[in-house]
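Results of the structural survey
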Amino acid sequence: MHFAITCTDKPGHLDLRLATRPRHLEYLDGQVDHIVVAGPLLDAEGKPTGSLLVVDFPDEADAQAFAAADPYAEAGLFASVTIQPFRVVYPKA
């Protein structure tokens, strides 16, 4: 089942995001079989302000565990994280 994970960074935490990014990317590389699409959310100047991931897990508990184990989450980068079931419509599979 697909889940959309939306993470909003705490204001003024760009330095923490940049410092944690290598561990975050290493974590995602190890979870690539579960990732449909992932990337940063940007402000009008192109600076990251959060993350959006669409992931494929058997259930929401697994999606929550995935999100909680992300080095960004462990470092305290996010002000909020939402996880919602998601249906892929396009591109058609």
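Presented here is an overview of the structure given in this document. On a predicted model such as this, the values are computed, not experimentally measured, just so you know.

Time to look at the nonpolar core. Judged by nonpolar contacts, the single largest core of 15 residues is most densely connected at Ile5, Leu53, Val55, Ala63, Phe66 and Ile83. Every element with two or more residues in this core is listed here: β1 (2-9), α1 (14-30), β3 (48-56), α2 (60-69) and β4 (78-86).

All right, on to the pattern of salt bridges then. Across all of its chains, the model carries two salt bridges by this definition. As a salt-bridge pair, arginine 17 and aspartate 9 come within 2.7 Å of each other at their nearest N and O atoms. You'll find arginine 17 and aspartate 9 in the same group, each marked buried. Glutamate 45 is paired through a salt bridge with lysine 47; the nearest N and O atoms lie 3.6 Å apart. Residue classification places glutamate 45 among the exposed residues on the basis of a relative accessible area of 64%.

Calculation criteria
- Residues numbered from 1 in each chain as written.
- Predicted model: local features only at pLDDT ≥ 70, side-chain atom pairs only at ≥ 80, totals over all residues.
- Heavy atoms only, no water.
- Core = buried A, V, L, I, M, F, W, Y, C linked by side-chain atoms within 4.5 Å.
- Buried < 20%, exposed > 50% of the residue type's maximum accessible area, 1.4 Å probe, protein only.
- Helix = DSSP H or I, 4+ residues; strand = E, 2+ residues; numbered from the N terminus.
- Salt bridge = Lys/Arg side-chain N within 4 Å of Asp/Glu carboxyl O.

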